[in-house]
Amino acid sequence: MSKKNAEIAMRDEELDKIKACIHCGICLSACPTYLTTGNEGNSPRGRLYLIKDLIQGEVPELDIAGQEYLDNCLSCMACETVCPSGVEYIQLLDYARHEKQESSYSKGFWGLVRKFSFAFLLDQRYLLNLGRIGLKVLNIFYKLFPFLPKLSKMQPSREISYTKLEVNKLYPSAGTILDVAGENAGIGVCEQSRTVLFNLGCVMDTLYNSVHHDTIKVLNAAGYHVYVPASGCCGALASHSGEFEIGEKQTEKFIQAQCDALNKLYETEQALGDFSNPIVFNSAGCGAHVKDKVYLESLVLKDIAELIDPDNWLAPISLEDFKAKLISPVKGIDENAEIEDGKQSLKAVYHPACHLYHAQGLTTQYQNLLALIPNLELIPFLEAEVCCGSAGFYNLIKPQLAEPIGERKAANIKKAGVDLVITANPGCMSQIEAHLGGGYRVVHPMSLLAQCFSEKSNI
Ligand code: SF4
Ligand code: SF4
């Protein structure tokens, strides 16, 4: 098939996908940009009209307003979850951005700066750490001069400890005896089957590095050994921001690092895809992206909540033994709290990150896991499944919409009357924390679980 015919076939395929839309409008109430602006152009249905015009060639290029409507989309996928016709909205949006009209943020001088940042900075751990120090300095500056307008609400306001985790290293559970060959290779040969790969990524390691420590602690408590491959960014941030080529290259590198680590684990040159050791994610965006893009179907990719889901427990130790290690976190949150036979409960809301709930379909796993925690009570809240406005770098490049979306999320959480928010994505953590203001605590589920292991626990 000639290139031109292939393009026509592709265009017709995309047009068929648009025809699935029956214009019912059910998606409107799930869409954060429509809920915030009340403007149909900022709704999934409105954007589908624009995409159709672009694909059909009825307009050679969108005008400024049309471009703005497409750029305003957070790619949260909430519209796909509720759509009764199964419209593949994100594929259509990506096609339009990729083949027809790239985001205005990818153009011009700042577009080049953006491309450079995605291509080089996200893959360099030491540069990200320099950025982290910069954010810390910025926070001190804001404390001294609180009246100054903030450049970004992205940085966590609390002091968060940073202890560098080493790459190419095995973090074994207690009591593991590494055999000599394994020690030389940095890996316990006799423990291969219970070893998972866990990648540090970029944003989580930079902003919430303690969550990685907590995740390893939880994995160890479930009986897993954890190997940290020397991998960089998985490509999620670049791809979710419309920089598809950069994202694709990063994903390929990321997958190669997994295969190298697995080959090292078995000290063989296995055919790619022969591995059954899970590759575990604790960051919603990374898991969703790699699961979606990976071309090696036999790699086992799991969010941590899938790996230790009480309804489908896969861990080496039994669920009963894992549960027996958990004590109430009330003490960890409030030093003065008294607990009497579970009479005092810790109330919290769970905000499901879009890339877990909508992209990966993980609608129950985290709640199941949190239900294991003694004395923890999850309170339902309004519009829980609506995006918080973080969406990768959206809150940096679109503050005019990210702010009201974040405010709306914070207001709904406040109505629930809790001061603890649990969510499993670094972007959601920083966005929600920034909009809730003081007096609230936002934690990753792994950090809460890690606090629940008694001192007697053998992890
Ligand atoms: S819910 Fe689906 S079918 Fe209905 S308007 Fe939205 S995209 Fe179209
Ligand atoms: S992906 Fe999210 S922001 Fe974009 S149209 Fe769908 S619901 Fe709205």
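Chains are numbered independently. Their residues run from 1 in the order of the written sequence. In the order they appear in the text, chains get letters beginning with A and ligands get numbers beginning with 1. With pLDDT at 70 or above as the cut-off, local features in this predicted model cover only qualifying residues; side-chain atom pairs require 80 or more to be listed or tallied, and sums for whole chains, interfaces and linings still use all residues. Hydrogens and water are ignored here; the side-chain numbers use all heavy atoms of the structure.

A. Representation of the side chain of asparagine 412 in the model. Secondary structure elements are defined from DSSP: runs of H or I of at least 4 residues count as helices, runs of E of at least 2 residues count as strands, and each element is numbered from the N terminus. With respect to the element layout, asparagine 412 can be found in helix α21 (residues 399-415). Only protein chains enter the area calculation, which uses a 1.4 Å probe; residues under 20% of their type maximum are buried, those over 50% are exposed, and those in between are partly exposed. Relative accessible area serves as the criterion here: at 7%, asparagine 412 is assigned to the buried category. By definition in these notes, contact holds between two residues if any of their heavy atoms fall within 4.5 Å. Here asparagine 412 is in contact with Phe381, Leu382 and Glu383, once residues within four sequence places are set aside.

B. Focus on the site of ligand 1. Any residue with at least one heavy atom within 4 Å of a molecule or strand is counted as near it. Every residue near ligand 1 is listed here: Cys21, Ile22, His23, Cys24, Gly25, Cys27, Arg45, Leu48, Cys83, Pro84, Ser85 and Val87. When grouped by side-chain class, the residues that make up the shell around ligand 1 number eight nonpolar, three polar and one charged. Only Asp, Glu, Lys and Arg are considered charged, only Ala, Val, Leu, Ile, Met, Phe, Trp, Tyr, Cys and Pro nonpolar, and every remaining residue, Gly among them, polar.

C. Just the pattern of salt bridges, in detail. Salt bridge, as used here, is a side-chain nitrogen of Lys or Arg placed within 4 Å of a carboxyl oxygen of Asp or Glu. This structure, assessed with the given rule, holds six salt bridges. Between glutamate 306 and lysine 291 there is a salt bridge, and its shortest N-O distance comes to 2.7 Å. On the criterion of sequence distance, the pair formed by glutamate 306 in helix α15 (residues 304-307) and lysine 291 in helix α14 (residues 284-293) is long-range, its members being 15 residues apart. Glutamate 377 is paired through a salt bridge with lysine 347; the nearest N and O atoms lie 3.5 Å apart. Here glutamate 377, found in strand β7 (residues 376-378), pairs with lysine 347, found in strand β6 (residues 346-350); they are 30 residues apart in sequence, far enough to count as distant. Accessibility expressed as a relative area gives 34% for glutamate 377, which makes it partly exposed.

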